[in-house]
Amino acid sequence: MVNCPRYERLAALLYDGELHGPLRREVRAHVAGCVACTRWLAALDRLHEVLLQEVDSQIERIDFSHFWEQIEGKLSAPPLPWFVRFRLQWARWQARQPLGIPLGAAAAALLLAALLSLSYLDFPVDSFLSSFRPNPSRLATYSQAQIESLSAATTVALWNEPISNAPVIWIEDDRDGAVP
Amino acid sequence: MEASDWELVKRCKEGDRQAFRELVERYQRKVVAVAYGMLHDREDALEVSQEAFAKVFTSIHQFKEEASFYTWLYRIVVNLAIDRQRQKSRQPQLEREDQEEEESNRVEAIPDTPEADPYEQTKDRELGERIRAAIAELTPAHKAVILLRIVEGLSYEEISEVLQCSRGTVMSRLHYARKRLQALLRSEL
């Protein structure tokens, strides 16, 4: 079928009633004189017709007389035991993340292999891991400050740092930015 | 006078099951049509639709009145149908084939009306099969957009609300789905 690339999408928008104003008039005028667009719209019409016919014919065969009762049954059914709910949730999660489990297992295996090979090569794993923990001495260098003056625009916050168990005072001046 | 969706939803939020029943009866065919279009199986479509309505009732308090009820309902049914389709695609092939055979037997067992022309019936059945096969070729996102547009007659704005995507995405998905179906059903169109 010959198509009209410039107006094909616009013709479909016109067919769906999604064009307004001057563009609508322009596309209508074009379609009236374009064989390719007229055929495209006729094909869309036929596609809608056969699709609707197919879905309608299937829906007509469905017996809806017990539809509500079945929903009511679902609503008044006692809650499922926790292990059944867990299994259903698990099945849903698996369906949504088909690669989740293999990828997670592969990542865990890689991490384990890396740690094992590092310890086999006498790599100081403990000190390597401890480098990720916060250094208390680094906190200590910031633990002293002097407040010279306070104004109405200054906010003072005081909290306890959970890792080093040290009190922290935070002074924020809206005019000059944060001053620890 | 028929109560509006908004009034029925309000009554549902107060625990009125009769109001919910009215909503179900108002939308059951439309919801099953979308589910059927997505799943191509009447039993699955019925089950997913009932599950969707049950979910609507249990989470009606989460529904915000600024959106329309039916776009929210369609969103739930489309998501459940996509989940069901994914679960089915993970089922073993043999089990699926058994189910499909059972389904086709059920279709054959439906009595024909005496005035129907057997030739026309065969032709219609073949066309139906070709249409089902063509829709099955589409991705769930493309199926949803074409069903909501053609079967439910939703506007692009409403479809974008249901599928939580932009209007531009709706436009391009719809265009792609139509072109694909047109190519697959060339002899029929």
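First, a word on what this report is: a plain description of the structure on this page. Fair warning: this is a prediction, and the values are worked out from it, not measured in the lab.

Calculation criteria
Residues numbered from 1 in each chain as written. Chains lettered and ligands numbered in written order. Predicted model: local features only at pLDDT ≥ 70, side-chain atom pairs only at ≥ 80, totals over all residues. Heavy atoms only, no water. Helix = DSSP H or I, 4+ residues; strand = E, 2+ residues; numbered from the N terminus. Expected span 1.5 Å × (residues − 1). Buried < 20%, exposed > 50% of the residue type's maximum accessible area, 1.4 Å probe, protein only. Polar contact = N/O pair within 3.5 Å; in protein donor to acceptor, adjacent residues only side chain to side chain. Contact = heavy atoms within 4.5 Å. Salt bridge = Lys/Arg side-chain N within 4 Å of Asp/Glu carboxyl O. Nonpolar A, V, L, I, M, F, W, Y, C, P; charged D, E, K, R; others polar. Phe/Tyr/Trp six-rings, centres within 6.5 Å; stacked < 30°, edge-to-face > 60°.

1. Section: helix α3 (residues 42-58) of chain B
All names here are of chain B. For α3, with 17 residues, the first-to-last C-alpha span of 24 Å sits near the 24 Å given by 1.5 Å per residue. The element α3 is extensively covered by neighbouring structure, given that 12 of its 17 residues are classed as buried. Among the residues making up α3, those that are buried are R42, D44, A45, L46, V48, S49, Q50, A52, F53, A54, V56 and F57. Two to three positions downstream of the cap, the backbone nitrogen of E43 sits 3.0 Å from a side-chain oxygen, assigning the N-cap of α3 to D41.

2. Here we look at the interface of chain A and chain B
Note on interface size: it is often stated as the accessible area lost on association of the parts. Taken together, the contact between chain A and chain B spans 38 residues of the former and 48 residues of the latter. Our count for the contact surface shared by chain A and chain B stands at 5 salt bridges. In this structure, E54 of chain A engages R132 of chain B in a salt bridge whose closest nitrogen and oxygen atoms are separated by 2.7 Å. At the junction of chain A with chain B, the criterion picks out 12 residue pairs in polar contact (both at pLDDT 80 or more). Mapped onto the side of chain A that touches chain B, the elements with two or more residues apiece are α1 (8-15), α3 (35-60), α4 (67-76) and α5 (82-96) of chain A. Residue contributions to the side of chain A that touches chain B peak at 13 residues, all from α3 of chain A. Considering only residue class, the side of chain A that touches chain B consists of 21 nonpolar, 5 polar and 12 charged.

3. Looking at the pattern of salt bridges
As enumerated under the stated definition, the model contains 15 salt bridges over all chains in all. Ionic pairing is found between K179 of chain B and E8 of chain A, a salt bridge with its closest N-O pair at 2.8 Å. Within this pair, whereas K179 of chain B is found in helix α9 (residues 167-184), its partner E8 of chain A is found in helix α1, the two belonging to separate chains. Classification of K179 of chain B as partly exposed rests on a relative accessible area of 27%. Accessibility expressed as a relative area gives 9% for E8 of chain A, which makes it buried. The partner of R84 of chain B in a salt bridge is E51 of chain B, with the nearest N and O atoms 3.7 Å apart.

4. Details of the packing of aromatic side chains
All names here are of chain B. Applying the stated criterion to the full structure yields 10 aromatic pairs over all chains. Each ring, one from F20 and one from F57, has its centre 4.7 Å from the other, and the planes form 45°; the classification is tilted. Placement of F20 in helix α2 (residues 17-39) and of F57 in helix α3 is noted, with a sequence separation of 37 residues between them. The exposure class assigned to F57 is buried, which follows from its relative accessible area of 15%. On the numbers, 6.2 Å between centres and 70° between planes, the contact of Y70 with Y74 is edge-to-face. On the criterion of helical spacing, the pair formed by Y70 and Y74 is a turn pair, its members being 4 residues apart in helix α4 (residues 69-89). Take Y70: its relative accessible area is 21%, and that puts it in the partly exposed class. Residue class for Y74 comes out buried when judged on its relative accessible area of 1%.

5. A closer look at helix α8 (residues 156-163) of chain B
Judged by how many residues are buried, α8 of chain B sits mostly within the fold: 6 of 8 residues are covered. Buried within α8 of chain B are the following residues: Y156, E158, I159, S160, V162 and L163 of chain B. Against the buried residues of α8 of chain B lie α1 of chain A together with α4, α7 (140-150) and α9 of chain B.

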